Amino acid sequence: MNIALLGPPGCGKGTQAKRLEDRLGYLQLSTGEMLRAEVESGSELGSAAKDIIESGKLVPDDMIVDMISKRIDEPDCQKGFILDGFPRTVPQAEALANLLKEKDIPLGSVVEFSVDEDAMVKRIVGRFACTFCGQGYHDDFQKPIVDGVCDKCNGTDFMRRADDNEDTVRSRLKEYHRQTAPIIGFYENLGLLVSIDGMAEIDEITKRMETIVR
Ligand code: AMP
């Protein structure tokens, strides 16, 4: 099955997408991660996107749609994929519908995570990850067992996203309300929307997601 996850920054959709990838073999397609890889590689797309990402705004629709359209054609997407962070505007949702129709690929469900936004800011501003294996941590909620050492790979180097500071997070939330929230109605009308409580326990959410995806 192919699904898309919707929700404001920090709502946990990336964490859940990774869990579903590990458990069920669906591929997580995070447009944020794809863009950060482009920035890291210094590509033309990455150079165009860098400042936009750091300001908390959205990169232009055509760039993202083109990137995701090419990615979906790759063989590792054939078992099923989880769109994480895409679509984020109504034009992106419309473009996705068109390209999936052209490629004859069905979209099973769109899962919306509803959350408390002040809690989201706290969640995002404190988060960091192991530079080597990507394992996620948080200053208050999930520290490494041994301070400064990754639980998973023993790495000692950690990173924080450049856009995970309070000002940029507020701007990302504004963009979510202005541009992304209208998509909820779009998918409701298509009968694809499923809403879940994104403030529930992480394992509870995963169980719920598994029942949706299977
Ligand atoms: P994320 O990792 O999903 O929080 O995305 C980080 C940043 O990448 C966003 O704040 C946007 O600047 C950009 N981005 C990711 N996905 C999209 C998208 N579907 N449309 C436009 N910009 C995006």
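Along each chain, numbering runs from 1 in the same order as the chain's sequence is written. Local features in this predicted model are restricted to residues whose pLDDT is 70 or higher, and side-chain atom pairs enter the listing and the counts only when it is 80 or higher, whereas totals over whole chains, interfaces and linings include all residues. The basis for every side-chain value is the complete set of heavy atoms in the structure, and neither hydrogens nor water enter the calculation.

Some words on the site of the ligand
1) Next: Consider each residue's heavy atoms; a residue with any of them within 4 Å of a molecule or strand counts as near. Taken together, 16 residues form the shell around the ligand, and within it Thr-31, Arg-36, Lys-57, Gly-85 and Gln-92 come nearest.
2) Next: In the environment of the ligand, a nitrogen atom lies 2.8 Å from a nitrogen or oxygen atom belonging to the side chain of Thr-31.
3) Next: Side-chain atoms alone can form a polar contact between residues adjacent in sequence; in general such a contact is a pair of N or O atoms within 3.5 Å, and within protein one must be able to donate a hydrogen while the other accepts it. Side-chain polar atom of Arg-161 to an oxygen atom of the ligand: 3.0 Å apart, as the coordinates give it.
4) Next: In isolation the ligand exposes 490 Å². Once the protein is present, 96% of that is buried.
5) Next: Only runs of H or I of at least four residues qualify as helices and only runs of E of at least two qualify as strands under DSSP, and these elements are numbered from the N terminus. Of the residues forming the shell around the ligand, the biggest block, 4 residues, is contributed by helix H2 (residues 31-41).
6) Next: Taken together, the residues of the shell around the ligand break down into 6 nonpolar, 4 polar and 6 charged. The protein chains shown are the only cover counted for residues, whose accessible areas, like all others here, come from Shrake-Rupley with a 1.4 Å probe. The nonpolar class holds Ala, Val, Leu, Ile, Met, Phe, Trp, Tyr, Cys and Pro. Asp, Glu, Lys and Arg form the charged class, and all remaining residues, Gly among them, are polar.

A word on unusual backbone geometry
1) Next: The amide bond that connects Phe-86 to the next residue, Pro-87, takes the cis arrangement and shows omega of -5°.
2) Next: Along the polypeptide, Pro-87 turns up in the loop between strand S3 (81-84) and helix H5 (90-103).
3) Next: A positive phi is found at Asp-104, a non-glycine position, where the angle reads about 55°.
4) Next: On the secondary structure map, Asp-104 appears in the loop between H5 and strand S4 (109-114).
5) Next: The exposure class of Asp-104 is exposed, given its relative accessible area of 69%. Burial classes follow relative accessibility: with a 1.4 Å probe on protein chains only, a residue under 20% of its type's maximum area counts as buried, one over 50% as exposed, and anything between as partly exposed.

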